[in-house]
Amino acid sequence: MVAHSRLALWRDVNRQLWWLGLLGLLSLTIWRVLLFWQEAPADLNPGAPTLLSAFWMGLRFDAKLFAITLGPWLLLGTCLLPLPALLMRVWRRLWPVWAGLVMLLVNLLAVINHFYFDFYQGPLNALVFGLFEDDTRAVIATIINDYPVILLFIVLAGMTTAQLMLMRLARLRRSNSWRWPRTALAITLSLVALIGLGRGSLGTFPLREMHMAVADNAFLNDLVPSGPQALYLAWKEREANDIGDDPEAGLKRYGFASPIDAAHAFGWREVDSETALLEHLRQTTPRRELLEEKPPQVVFSLMESWGRPLLDFDDPESNDLLGRLRPWLMKADYFSKAISSENGTLPSLEGLLLDTPISPLTQSRYGYHSFSTSAVKPFQQAGYRTIFLTAGSVGWRNLGANLPRQGFDEVIGQGAIIERFPEATGGTWGVDDEWMYRYGAELLEQAEASGERIFLMTLSVTNHPPYRIPDSFDPAPLDIARLGDTLAASRELGQSILETYQYSSDMLGGFLSQLERDGLLDHTLFVASGDHNTRSILQYPDSHDLFDQFGVPILSWVPPAYRFDETPRLDDWVSHRDIFPTLWAHSLSGVSTPWMGDQLYTAAQNGDGFVSMALTFNQQDGGSGVMISDLGAATNLRNPRYYRWAQVAKTLEYTSLPSDALKAQVEHARARLALEDWRIRREALASKTR
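As the structure is a prediction and not an experimental result, all values here were calculated from the model.

Enquirer: Help me understand the overall build of the protein in this model?
Expert: For the protein, the count of helices and strands is 23 helices and 18 strands. Based on the C-alpha atoms only, the size of the protein along its principal axes is roughly 100 × 65 × 55 Å. Across the 690 residues in the protein, those meeting the buried criterion constitute 58%. Taking the intrachain contacts of the protein between residues at least 6 apart in sequence as the baseline, contacts between residues at least 24 apart amount to 76%. Entry remark: accessible area of the protein is about 28200 Å², with carbon and sulfur atoms responsible for 58%. With 60 positive and 76 negative side-chain charges, the protein shows a separation of 15 Å between the mean positions of the two kinds.

The structure is reproduced here in structure tokens:
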């Protein structure tokens, strides 16, 4: 029986703490092995030294985690040694509670990180906080539907219980064998070891995020952080997007001393004041007589999870992913080298509508401000009736209250759609896409009848987990086997994703055909794109698949009369930021607009003779900003990581020796993101002051 002296109590907890830490290291290593086994790209062949380096670095970070979470309890007990024994006994009795809470949390985050990686092709990041900002009920319903939640809770409880039971085997057996001198040495060694492990390094600098880059392969780097570490990094990422009090904070993180410095790096060398810079951050569309006499209807359809890579496996006979949309890829202009502004629905929506690298913005205290960067306001100011139509709830992310401040006259959701079509079918996230498009077609018909011009933006929801299609839809032939080794899901889940992808594409094609039958397409601009890539079904966790990770189609219809003899840049790298400049240029005459991207039907204006580039706010390789062009690519533009095109078609590979042309283009892109960050941050802080 353990003696209840203060020294024996301390030694008892000390032994159990170290034993529990070893058990924790073992469990996190097992999770890391499972992650590698299940998620590693089929063509990954890192070599034993590189793989061992990733696991060794992960083990060091895990040791740091347990030293930081368990160590303070031992430090507290050490401080209690000179005090009455009653306090030590209370401390000892509470130790299993503390140990249980720590292990339960660590194990829970390990499970969450594992399945998050499976869905997002990467460890926990700032998107995870969408659980609390999203439709939380719908998210939870999706998780319950798609994952064996009960079984996972049983595994979680069993794992934690087993760890605590094994920990108890390390209880002190001989209570009186040590006295003060020996115990003092044990205390000193234990505390020094815990401090060393908590620091993670015996060198000048502690173990930190930069040490997670153990290889040129992003997947191996993503293996390093465990669930708790990944959540900590996600929180830091979120905090980095906090506006704070300094409008130049983001600018400085991109490496510029002032907005004028960034403007000069971008190529605006004549800018010598903030006033002159702000003038450059506004543009005016060309004056065109047709647009003044007969402005077109304008429609922009943002499609849930409509990723481009799946289209590589499309086959009209055996794996039809397009349905009625197929002929429109020939009739309209299909930009296949496009990437999304962000990797989540709300961040992409805000990136599109506000050109903001800071998200969530509309849900923050700054969301009450009406931003001058709004992509919709130019339509509103030109006399268009501006409508946002979603198949989901207008309460999702508080769209019904937030979007009117950014230029929308109306925000219409599933409630109004069901009122109009009581027979409408739907799922967890809203009504099925066909009913949204029926409602949208009626809005356009009514506008035509009244001689009104509208800007209509739609947001679909069906191609979202839990994946389901309405009973009334009979899918065309699909063959999950065509995906081969790239399939990252079970065949059943993969088949469901293909069905909803086909359904959403088919409904979009049906909508376009309806507008054509109604005689609207000779004076209606139309653009469709995905909000982000398709989740879960394909493997592309590494930066050599960068264009697939963030790839979305952009499908554009500009009627012949409204093209003005311009040619689409179908072979150029483009992104979400080019959509609204395209719509403005072909619908608004002489109207002031925010400085944003390049329109898709004229030569790129990326400055100083650069080739066209796709530039977005996506998070990758530990920071913000992704740029892709024919010269190569770069991620984390605050501290650029460069990639060049490999011999294999469409494949990027890391390079420490980028070409001078690529470095110059990345500097240009970095300056652009810095200016956009400064613009939105400055305006948000000014609104706070007012």
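Enquirer: When you look at the pattern of salt bridges in this model, what are you seeing that I'm missing?
Expert: A side chain with one charge can pair with a side chain of the opposite charge if their charged atoms come near. Enumeration according to the criterion identifies 28 salt bridges in this entry. We note a salt bridge from Arg-569 to Asp-572, for which the minimum N-O separation is 3.1 Å. We classify Arg-569 as buried; its relative accessible area is 9%. We note a salt bridge from Glu-667 to Arg-670, for which the minimum N-O separation is 2.5 Å. Highlighted residues: Glu-667 and Arg-670, both in helix H23 (residues 660-689), separated by 3 residues, approximately one helical turn. Accessibility expressed as a relative area gives 13% for Arg-670, which makes it buried. Sharing partners across several salt bridges, the network here consists of Asp-355, Arg-577, Arg-672, Glu-676 and Arg-679.

Enquirer: Teacher, can you tell me more about unusual backbone geometry here?
Expert: Generally, phi is negative for residues other than glycine and the peptide bonds are trans, each holding for most cases. Residue Pro-360 is bonded to the preceding Ser-359 through a cis peptide linkage, with omega at 5 degrees. Among the structural elements, Pro-360 can be located in the loop between helix H15 (345-354) and helix H16 (377-381). With an omega of 0 degrees, the peptide bond running from Pro-465 to Pro-466 counts as cis. In this fold, Pro-466 is placed in the loop between strand S9 (454-459) and helix H20 (491-517). At Phe-564, a residue that is not glycine, the phi angle is positive and equals roughly 55 degrees. Within the chain, Asp-565 stands out as a residue other than glycine whose phi angle is a positive 60 degrees. As for its position among the elements, Asp-565 is in the loop between strand S11 (554-557) and strand S12 (574-575).

Enquirer: Which parts of the structure should I look at to understand the sheet that holds strand S2 (residues 297-303)?
Expert: Backbone-to-backbone hydrogen bonds join strands into a sheet, with any given pair of strands oriented parallel or antiparallel. One open sheet holds the 7 strands; their spatial order is S3-S11-S10-S2-S9-S5-S6, and the pairing between them is mixed. Each having just a single partner strand, strand S3 (333-335) and strand S6 (410-412) make up the two edges of the open sheet. Here the average twist between neighbouring strands, direction ignored, is 15 degrees. Judged from the 4 bridges that link them, strand S10 (residues 524-530) and S11 form a sheet pairing that is antiparallel.

Enquirer: Whenever I open this one, the side chain of Asp-506 confuses me. Can you help?
Expert: Its place among the elements puts Asp-506 in helix H20. We classify Asp-506 as buried; its relative accessible area is 9%. The residues contacting Asp-506, other than those within four sequence positions of it, are Leu-322, Gly-323, Arg-324 and Phe-473.

Enquirer: When you look at helix H6 (residues 149-168) in this model, what are you seeing that I'm missing?
Expert: Note: α-helices contain 3.6 residues per turn, so residues at a spacing of three or four share the same orientation. With 20 residues, H6 extends 29 Å between its outermost C-alpha atoms, agreeing within 8% with the 28 Å of an ideal straight helix rising 1.5 Å per residue. As for H6, its buried residues are in contact with helix H1 (6-39) and helix H3 (85-120).

Enquirer: Help me understand the packing of helix H19 (residues 433-450) against H20 in this model?
Expert: Packed helices, taken two at a time, are described by the angle between their axes plus the distance between the axes. Interhelical geometry of H19 versus H20 gives an angle of 20 degrees and a closest axis separation of 9 Å. With respect to H20, the axis of H19 lies roughly parallel. Of the two possible hands of crossing, H19 and H20 adopt the one that is right-handed. Each of Asp-433, Glu-434, Tyr-437, Gly-440, Ala-441, Leu-444 and Glu-445 in H19 lies in contact with H20, whose residues at this interface are Tyr-503, Ser-504, Met-507, Leu-508, Phe-511, Gln-514 and Leu-515. Grouping the constituent residues of the contact of H19 with H20 by class yields 8 nonpolar, 3 polar and 3 charged.

Enquirer: Help me understand empty space enclosed by the protein, please; the structure alone is not making it clear to me.
Expert: A probe matching the size of a water molecule, rolled over the atoms, marks out where space remains unfilled. Within this structure, the stated rule accounts for 4 cavities of 30 Å³ or more. Estimates place the volume of the largest cavity at around 100 Å³. Every residue lining the largest cavity is listed: Leu-28, Trp-31, Arg-32, Leu-35, Ala-110, Asn-113, His-114, Leu-223, Pro-225, Ser-226 and Gly-227. Elements represented by at least two residues in the lining of the largest cavity include exactly H1 and H3.

Enquirer: Whenever I open this one, the pairing of strand S17 (residues 641-645) confuses me. Can you help?
Expert: A regular strand carries its side chains on alternate faces of the sheet. When strand S16 (residues 632-635) meets S17, the two strands line up antiparallel, connected through 3 bridges. Among the inter-strand pairings, Ala-634 is bridged to a residue of S17, identified as Tyr-642. Of the strand pairs in this sheet, S17 and strand S18 (residues 652-654) are connected by 3 bridges, and their pairing is antiparallel. Bridge pairing in S18 places Arg-644 opposite Glu-653.

Enquirer: Mind showing me how you'd approach H15 here?
Expert: Within H15, 10 of the 10 residues are buried, which leaves it mostly tucked inside the rest of the structure. Trailing H15 by a residue or two, Asp-355 shows a phi angle of about 50 degrees, which is positive.

How each quantity is defined
Residues numbered from 1 in each chain as written. Predicted model: local features only at pLDDT ≥ 70, side-chain atom pairs only at ≥ 80, totals over all residues. Heavy atoms only, no water. Helix = DSSP H or I, 4+ residues; strand = E, 2+ residues; numbered from the N terminus. Buried < 20%, exposed > 50% of the residue type's maximum accessible area, 1.4 Å probe, protein only. Contact = heavy atoms within 4.5 Å. Areas by Shrake-Rupley, 256 points an atom, 1.4 Å probe, with all protein chains shown as cover. Lys, Arg positive; Asp, Glu negative; His and termini not counted. Charge placed at Lys NZ, Arg CZ, Asp CG, Glu CD. Salt bridge = Lys/Arg side-chain N within 4 Å of Asp/Glu carboxyl O. Pairing = 2+ DSSP bridges. Axes fitted to C-alpha atoms, helices over the stretch in contact; angles between N-to-C directions. Expected span 1.5 Å × (residues − 1). Parallel < 35°, antiparallel > 145°, perpendicular 65-115°, else oblique. Left-handed = near helix turned anticlockwise from the far one by under 90°. Nonpolar A, V, L, I, M, F, W, Y, C, P; charged D, E, K, R; others polar. 1 Å grid on protein atoms, 1.4 Å probe; cavity = no way out; pocket = protein on both sides within 12 Å on 5 of 7 lines; lining within 4 Å. Points joined across faces, edges and corners; volume = space filled by probe spheres on them.

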